[in-house]
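The lines below spell out each chain.
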Amino acid sequence: MEKHDALKIDIKSLTLQELQEAFRAEGLPAFRSKQVYQWLHRGAVSFDDMSNISKELRSSLNKKYYISVASIEKKRVSMYDNTVKYLFRLHDGQYVESVLMEYHHGYSICISTQAGCKMGCTFCATGQGGWFRDLTPSEMLAQIQAAQQDSGHRVSNIVLMGMGEPLDNYENVLRFLELVSSDEGMNIGARHISLSTCGLVDKIYDLADKKLQVTLSVSLHAPNDQIRSRTMPVNRKWNVEALLKACRYYAETTHRRISFEYAMIRGVNDTDACAQELAQKLKGMLCHVNLIPVNDVTGAHYHKSTRERLQRFSHILEEKGIPVTVRRTLGADIEASCGQLRGKHQKEAGQTIEK
């Protein structure tokens, strides 16, 4: 895949209104912009795919614009639950990961919002690899389109919980949300989209004020600053108290329930005392806790809690009136945790990507 011409415009990151205005400036009829927009959001990878557009217009578009594409570099399918892990290659050689998951209600996809991540959480494979760049809205869309085309299944739910911190790429993520929910686009509404954050408090307030009805998923992973600051550097800027205050504001402003992700790490954050402290701090908030057996990430020296510990922790939260679930583990045999496949691929290929 060749690099994009820096002088060309990223057409798939334009809203329908912006495309209409650009076409109008070129003296083109409004219906043409709608046709092109629909092609882009149906997964067209080339202007030549647009069969109801004249050859002359396609040639003209190709000179001015480019279409973002995510090319499948590697693909793994779980033998247990049909979860599919994709390693996508972008136009500049960066790699990002997505995971397609089958549920009784349909197909969900977990996509990346950055190539790498700045946050440095010690239990996360992506964080160990560093940050390279933000993804454009079109590159987020391209992951969904590539997975749909490859699998033959329509995605009905989106999770922004892959590589990267979505709120660290705030403006591009907002535009992606606008595009993916567009009636003329994929038409996946905000209530079918979850956005995960490790706790960028200022952006949580900004997002709340947008009232988009997106489900906010917060990677909490500890009930206090002592434990959280040791595993999540972001906590040194915005501590647990500041984060939970922002979460209460989000829940009260949007009337959407917060999902707190809590990776259970043996001997670190899975004690009875941790469960009791967590329950006390979440008391009265519209939320639930999702307990996750931590992935055994190479080099992190963390191990997942025992089943008995998971059950005991869950029981304490329930007793204190905090709704809790234990995440169903999907794709365990295909390294479905984001960052693992990318890191392994680059290591096997002997590759280093310049930051």
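Because the structure is predicted, anything quoted here is derived from the model rather than measured.

Asks: Where do I start with the overall build of the protein chain in this structure?
Replies: Scanning the protein chain from terminus to terminus reveals twelve helices and 14 strands. Sorting the 355 residues of the protein chain into buried and exposed places 54% on the buried side. When contacts within the protein chain are restricted to residue pairs at least 6 apart in sequence, long-range pairs at least 24 apart make up 68% of them. In the form shown here, the protein chain has an accessible surface area of approximately 16400 Å², with 47% of it arising from carbon and sulfur atoms.

Asks: Before we go on, may I ask you to explain the side chain of Asp 81 in this structure?
Replies: Inspection of the secondary structure puts Asp 81 in the loop between strand 3 (71–77) and strand 4 (84–89). At 3.3 Å, the side chain of Asp 81 forms a polar contact with the side chain of Ser 78. One polar contact links Asp 81 to Thr 83, side chain to side chain, over a distance of 2.6 Å.

Asks: Quick question: what am I supposed to make of the nonpolar core here?
Replies: In summary, soluble globular proteins display a tendency toward joint burial of nonpolar side chains. Counting residues in hydrophobic clusters, the biggest one holds 104 residues, and the most contacted among them are Ile 158, Phe 176, Phe 260 and Val 289. Once residues lying within four places of it in the same chain are set aside, the contact partners of Phe 176 are Ile 111, Pro 137, Met 140, Leu 141, Ile 144, Ile 158 and Leu 160.

Asks: Sorry if this is basic, but what is going on with the sheet that holds strand 13 (residues 287–293) here?
Replies: Two pairing modes exist for strands in a sheet, parallel and antiparallel, and in both the strands are linked by backbone hydrogen bonds. Ordered in space as 3-4-5-6-9-10-11-12-13-14, the ten strands form an open sheet in which the pairing is mixed. In the strand order of this sheet, the two ends are held by strand 3 and strand 14 (324–326), each with one partner. Within the sheet, the average angular offset between the axes of one strand and its neighbour, ignoring direction, is 25°. Where strand 4 lies against strand 5 (residues 95–103), six bridges are found, and the strand directions are antiparallel. Its bridge partner being in strand 5, Lys 85 is matched across the sheet by Val 99. In the packing of helix 11 (residues 307–319) onto the sheet, the strands contacted are strand 12 (258–264), strand 13 and strand 14, and the crossing angle to strand 13 comes to about 175°.

Asks: Which parts of the structure should I look at to understand helix 7 (residues 201–210)?
Replies: The periodicity of an α-helix, 3.6 residues per turn, causes residues three or four positions apart to be oriented the same way. Among all positions of helix 7, only Val 201, Ile 204, Leu 207 and Ala 208 are buried. Buried residues of helix 7, seen end-on, are gathered within an arc of 115° and therefore sit on one face of the element. On its buried face, helix 7 is in contact with helix 6 (170–180), strand 10 (193–197), strand 11 (215–219) and helix 9 (240–254). Once helix 7 ends, the next one or two residues include Lys 211, with phi positive near 50°.

Asks: Whenever I open this one, the pattern of salt bridges confuses me. Can you help?
Replies: Applying the stated criterion across every chain, the model contains twelve salt bridges. With its nearest N and O atoms 3.6 Å apart, the salt bridge here joins Lys 34 to Glu 184. With Lys 34 in helix 2 (residues 30–41) and Glu 184 in the loop between helix 6 and strand 10, this residue pair connects regions lying 150 residues apart in the sequence. On the basis of relative accessible area, Lys 34 is assigned to the partly exposed category, the value being 36%.

Asks: Is there a simple way to think about the confidence of the model for the protein chain in this case?
Replies: Keep in mind that low pLDDT regions are not for reading the predicted coordinates in detail. On average, residues of the protein chain score 90 in pLDDT, and 89% of them reach the 70 mark or higher. Per-residue pLDDT stays below 50 along residues 350–355; that stretch engages in 13 contacts with residues further than four places along the chain or on separate chains.

Asks: Honestly, the packing of helix 5 (residues 137–151) against helix 6 in this entry has me stumped. Any pointers?
Replies: To describe two helices that pack against each other, one gives the angle between their axes and the distance between the axes. It is at 8 Å that the axes of helix 5 and helix 6 come closest, and there the two elements cross at 50°. One finds that helix 5 runs oblique with respect to helix 6. Crossing of helix 5 against helix 6: the hand is right-handed. Contacts between helix 5 and helix 6 involve Pro 137, Met 140, Leu 141 and Ile 144 from the former and Asn 172, Val 173, Arg 175, Phe 176, Leu 179 and Val 180 from the latter. Among the residues making up the contact of helix 5 with helix 6, the classes are represented as eight nonpolar, one polar and one charged.

Asks: I would appreciate a short explanation of the environment of Lys 237 in the present structure.
Replies: For Lys 237, the location among the structural elements is in the loop between helix 8 (225–231) and helix 9. On the basis of relative accessible area, Lys 237 is assigned to the exposed category, the value being 63%. Between the C-alpha atoms of Lys 237 and Gly 199, which are 38 residues apart in sequence, the distance is 9.5 Å.

Asks: In this structure, what is going on with the environment of His 301? I would like to understand it.
Replies: Inspection of the secondary structure assignment puts His 301 in the loop between strand 13 and helix 11. For His 301, a relative accessible area of 70% translates into the label exposed. Measuring from C-alpha to C-alpha, the distance between His 301 and Thr 122 comes to 9.4 Å, with 179 residues separating the pair along the chain.

Asks: It is not clear to me how helix 5 should be interpreted in this structure. Could you clarify?
Replies: Over its 15 residues, helix 5 runs 22 Å from end to end, which matches the ideal 21 Å to within 8%, given 1.5 Å per residue. Burial analysis of helix 5 places eleven of its 15 residues in the buried class, which makes it a mostly covered element. Considered for burial, the residues of helix 5 that qualify are Pro 137, Ser 138, Glu 139, Met 140, Leu 141, Ala 142, Gln 143, Ile 144, Gln 145, Ala 146 and Ala 147. Of the residues trailing helix 5, Gly 152 is marked for its positive phi of about 80°.

Calculation notes
Residues numbered from 1 in each chain as written. Predicted model: local features only at pLDDT ≥ 70, side-chain atom pairs only at ≥ 80, totals over all residues. Heavy atoms only, no water. Helix = DSSP H or I, 4+ residues; strand = E, 2+ residues; numbered from the N terminus. Buried < 20%, exposed > 50% of the residue type's maximum accessible area, 1.4 Å probe, protein only. Contact = heavy atoms within 4.5 Å. Areas by Shrake-Rupley, 256 points an atom, 1.4 Å probe, with all protein chains shown as cover. Polar contact = N/O pair within 3.5 Å; in protein donor to acceptor, adjacent residues only side chain to side chain. Core = buried A, V, L, I, M, F, W, Y, C linked by side-chain atoms within 4.5 Å. Pairing = 2+ DSSP bridges. Axes fitted to C-alpha atoms, helices over the stretch in contact; angles between N-to-C directions. Arc of directions from axis to C-beta. Salt bridge = Lys/Arg side-chain N within 4 Å of Asp/Glu carboxyl O. pLDDT = per-residue confidence, 0-100. Parallel < 35°, antiparallel > 145°, perpendicular 65-115°, else oblique. Left-handed = near helix turned anticlockwise from the far one by under 90°. Nonpolar A, V, L, I, M, F, W, Y, C, P; charged D, E, K, R; others polar. Expected span 1.5 Å × (residues − 1).

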